[in-house]
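# Results of the structural survey
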Amino acid sequence: MEPVIFNQRKMVTLFGFSKTHDQQKRYSDTIFELLDKVWKEVREKGLSHKGMNHVVYENGHHVFAGIELVLPPNEDSLLEKKDVILEKYAYCKHIGSYSELDKTYESIRAKVNASDEYHELPLLEVYGHWNEDETKLETEIFYNLKS
């Protein structure tokens, strides 16, 4: 899919966990660590959710991983709330192996560079349901833009 620039608000409220990514490790290690904590809390508290994993990349190598819940959790939940608001963004859906995401990011950067926009964090990735067939994996990328 070719990247498209949207000049409209995208807002999502997530519940999950965050940490500063250790640059000596792979980002996937940090993401899996955080998502394991998220799903443990969701199962223990019996929280109703929409089922899609979200990862937010922020300044200072800060990573937030979470999900959308049907209802906010009770006060006894350990989950952190994060509102992600993008006023303008480039969007692209990557279909295929996660190891090929760099190619999709290259096409997004090319589209942004050809416009009068520039990228500014946060960056949001939304992962579709797991599939053993890597050619069917889906990752939506929301690449925050500023004029």
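Values in this document were obtained by computation on a predicted structure and should not be read as measured data.

### Looking at the nonpolar core
Counting residues in each nonpolar core, the largest one holds 27 residues, and the members touching the most others are Ile31, Val42, Val55, Tyr57, Leu79, Ile108 and Tyr143. The set of elements that each furnish at least two residues to this core consists of strand 2 (10-20), helix 1 (27-45), strand 3 (53-58), strand 4 (62-67), strand 6 (89-95), helix 2 (101-113), strand 7 (118-127) and strand 8 (138-146). For this core, the leading source of residues is helix 1, giving 6 residues. Discounting chain neighbours no more than four positions away, the residues touching Ile31 are Val55, Tyr57, Val63, Ala65 and Tyr127.

### So, the sheet that holds strand 2
Sheet architecture is open: 8 strands sit in the order 1-6-8-7-3-4-2-5, paired in antiparallel fashion. For this open sheet the edge positions go to strand 1 (4-6) and strand 5 (80-86), each flanked by a neighbour on one side alone. Here the average twist between neighbouring strands, direction ignored, is 30°. Looking at chain direction, strand 2 and strand 4 are connected through 6 bridges and run antiparallel. Residue pairing across strands places Gly16 opposite Gly66, the latter belonging to strand 4.

Parameters at a glance
Residues numbered from 1 in each chain as written. Predicted model: local features only at pLDDT ≥ 70, side-chain atom pairs only at ≥ 80, totals over all residues. Heavy atoms only, no water. Core = buried A, V, L, I, M, F, W, Y, C linked by side-chain atoms within 4.5 Å. Buried < 20%, exposed > 50% of the residue type's maximum accessible area, 1.4 Å probe, protein only. Helix = DSSP H or I, 4+ residues; strand = E, 2+ residues; numbered from the N terminus. Contact = heavy atoms within 4.5 Å. Pairing = 2+ DSSP bridges. Axes fitted to C-alpha atoms, helices over the stretch in contact; angles between N-to-C directions.

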